[in-house]
Amino acid sequence: MNLLNLFKVSITAVASNKMRSFLSMLGIIIGVAAVIIMMSIGQGSKESIRKELSTMGTNLLTIRPGADMRGGVRQDPSAMQTLKMADYQRIMQEKKYVTKVSPEVTSAGQVIYGNNNTNSTIYGESPEYLDIKQWVVEEGDCFTEEDVKKAAKVAVVGKTIVTELFGEGADAIGKTIRFKSIPLRIVGVLKSKGYNSWGMDQDNVIIAPYSTVMKRIAAQTFFSSIVCSAITEDLSDTAIEELTQILRENHKLKGDAADDFTIRSQAEMMATMSSTMDTVTLILVVAAAFSLLVAGIGIMNIMLVSVTERTKEIGLRMAVGATGAVISLQFLIESVLISVTGGLLGILVGCSASGFLVPAFGMPSSVPAWSIYVSFLVCVCIGILFGYIPAQKAARMDPIEAIRHE
Amino acid sequence: MAEDKRKVVIELRNVKRYFQVGSETVKALRGVSFKIYEGEFVTIQGTSGSGKSTLLNQLGCLDTPTEGEYILDGISVRSMSKNQRAHLRNRKIGFVFQNYNLLAKTTAVENVELPLMYNNKYNAKQRREAAVKALQAVGLGDRLEHKSNQMSGGQMQRVAIARALVNNPAVLLADEATGNLDTRTSFEMLVLFQELYKKGHTIIFVTHNPEIAEYSSRNINLRDGKIREDTINTNIKSAAEALAALPKPQDD
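Residues numbered from 1 in each chain as written. Chains lettered and ligands numbered in written order. Predicted model: local features only at pLDDT ≥ 70, side-chain atom pairs only at ≥ 80, totals over all residues.

So, the interface of chain B and chain A
(1) Moving on: Taken together, the contact between chain B and chain A spans 19 residues of the former and 18 residues of the latter.
(2) Moving on: Mapped by element, the contributors of at least two residues to the side of chain B that touches chain A are α2 (82-92) and α3 (108-117) of chain B.
(3) Moving on: Element by element, the count of residues in the side of chain B that touches chain A is highest for α2(B), at six residues.
(4) Moving on: A class-by-class count of the residues in the side of chain B that touches chain A yields nine nonpolar, six polar and four charged. (Contact = placed C-beta atoms within 7 Å. Helix = DSSP H or I, 4+ residues; strand = E, 2+ residues; numbered from the N terminus. Nonpolar A, V, L, I, M, F, W, Y, C, P; charged D, E, K, R; others polar.)

So, the nonpolar core
One recurring pattern in soluble globular proteins is that nonpolar side chains are buried together.
(1) Moving on: Of all hydrophobic cores here, the largest spans 120 residues; its most connected members are B:Val96, B:Val112, B:Ala162, B:Leu173 and B:Ile204.
(2) Moving on: Per-element accounting of this core gives the leading share, 13 residues, to helix α2 (residues 18-55) of chain A.
(3) Moving on: Ignoring any residue separated from it by four or fewer positions in sequence, one finds B:Val96 in contact with B:Ala160, B:Ile161, B:Ala164, B:Leu172, B:Leu173, B:Ala174, B:Asp175 and B:Ala177. (Core = buried A, V, L, I, M, F, W, Y, C linked by C-beta atoms within 7 Å. Buried ≥ 20, exposed ≤ 12 C-beta atoms within 10 Å, placed from the backbone.)

Overview of the confidence of the model for chain A
Low-confidence regions, as indicated by low pLDDT, have predicted coordinates that should not be scrutinised in detail.
(1) Moving on: With 95% of its residues at a pLDDT of 70 or more, chain A has an overall mean of 87.
(2) Moving on: Across chain A, strand β5 (residues 154-157) of chain A holds the top mean pLDDT of 94, while helix α1 (residues 3-16) of chain A sits lowest at 83. (pLDDT = per-residue confidence, 0-100.)

Structural notes on helix α7 (residues 210-218) of chain A
Residues and elements named next belong to chain A.
(1) Moving on: Of all the residues in α7, the buried ones are Tyr210, Thr212, Val213, Met214, Arg216 and Ile217.
(2) Moving on: Close packing links the buried residues of α7 with β2 (98-113), β3 (116-125), α5 (145-150), β6 (176-179), β7 (182-190) and β8 (205-209).
(3) Moving on: Trailing α7 by a residue or two, Ala219 shows a phi angle of about 50 degrees, which is positive.

A look at the domain arrangement of chain A
(1) Moving on: Domain assignment breaks chain A into domain 1 (3-52 + 272-403) and domain 2 (81-259).
(2) Moving on: Averaged C-alpha coordinates put domain 1 of chain A and domain 2 of chain A at centres separated by 56 Å. (Domains from an automatic or database assignment.)

Written as structure tokens, this is what we have:
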């Protein structure tokens, strides 16, 4: 018997038991749909995080004091004072692969206007910072290099600060707020960035000249970090090398002495985030995959019933010349047919659910193409795996007994 | 009759078949020998327990003898594997079973095509042609697409006979082929078998009913796993006449 005939026979058998076939397919449909939905949520979240990180600048490089050290004892990097004004100036002079640079000093605390107050973080930066982090000034202007030189008491604030201190939509330009009792005149309001995917309000921010924050608020002579942007994302690694060289020379680090700073790129951040998302997705998918296993057992069960029920048919087929192998193949094709049809329906359900239902719940979703191929393959495997035992049972029947079976 | 000149289709040489049931050995066939020539219509007749079912399984290559030799159309069956016997059944034997054994929800023509499905020499078109021809031969040329549940017992058995004929077998093996049918339909079936006999088909008809022997050309009577009698019937009764002599049913 050729394969085409076997397919016809199997299709007829599956179709003649519509209800039963559909019910055993249902497990596969649900399982595959669940796997695809989980994968699409995972992929969607990853993409939305990636998008968000790239709005912060994909070519962003952050220099922090201290080196990464996993074993051994090392000083708290934030207490290290290795990043100094001299480093910033040297970078500004020698940079080739780095376009914009901003030293950073931060301080968290209470900010007051009149009888309103809120908690926020002040970022001491250079004017280039806004470009590096892709902030846009909506009203007013950014502070200038001149303000930096004079350590002027001016600041640019995020939308949240305006809302908390002046009320929604109020005009804040020219008003003076107090951060840790230092008065700061608002010169600009930033366009809203909203919450990031960690749930942090990105608009709760005050940006002032780094000199102002260093001298007047934090009272320190070193930077907590220096942020820069590489010319392009692809040149991030070259830019890191360049910065490393400049800083090593400036810090007079010789030979094999360890760096007393670390440089991280946004690409690295993304990789870390992606791998975290991958783990979460994996856990979800594994949970969904278990339902596929259960569905497979369901198929095996129904196939065993089917084989017993059709003992007479098997006996007849053997009597007229079907070998055990052909009988086994017939039932194997039948179970694969059930699992694959279920799989295809599941893919359909999964894709449309990720396309319409998931976004309706406000979750990001994007079905990775490979998840469709993999689901399909898994269904074929389930059909073969769980159809094998029933098929063997059919193949081993004795035609004499089978044909007289009542 | 010059028997020796005719072709031997089936030859059994002292065939024995023993079954082990627990610690006991059941001797179903205790040494059976006979030759069946091409074109014979043989009834194998015996009561239940006479070993006729066991003999049928042997003749149908569904089983192999414990001892002795079985030669079907020149091929020794005894040492054949399961798969080889399946192949042999497909090419040399046409089965007709007592309870028709048609596939449910399947049309007459598809049922008849079944044996050819396991024969790679036939393509779909040839299969269909052969099936239609076989159905015409049993008088069902107008019921090709009827499904098995839309047919009467007699029609179903005709389909089963067509299925047995479709592969041009060396021998037609019928197992109580009239057992489930009423008298009238049984005679109709016998008429059909006699027609096939006249066309030169070799037929073996296994039955418990001694009456049927009168319509065949030879009768082998089994008892306790041995041949009690093997007689040539020189005065074959016509099933068609017997059918005509039956009282007409009230409605039809």
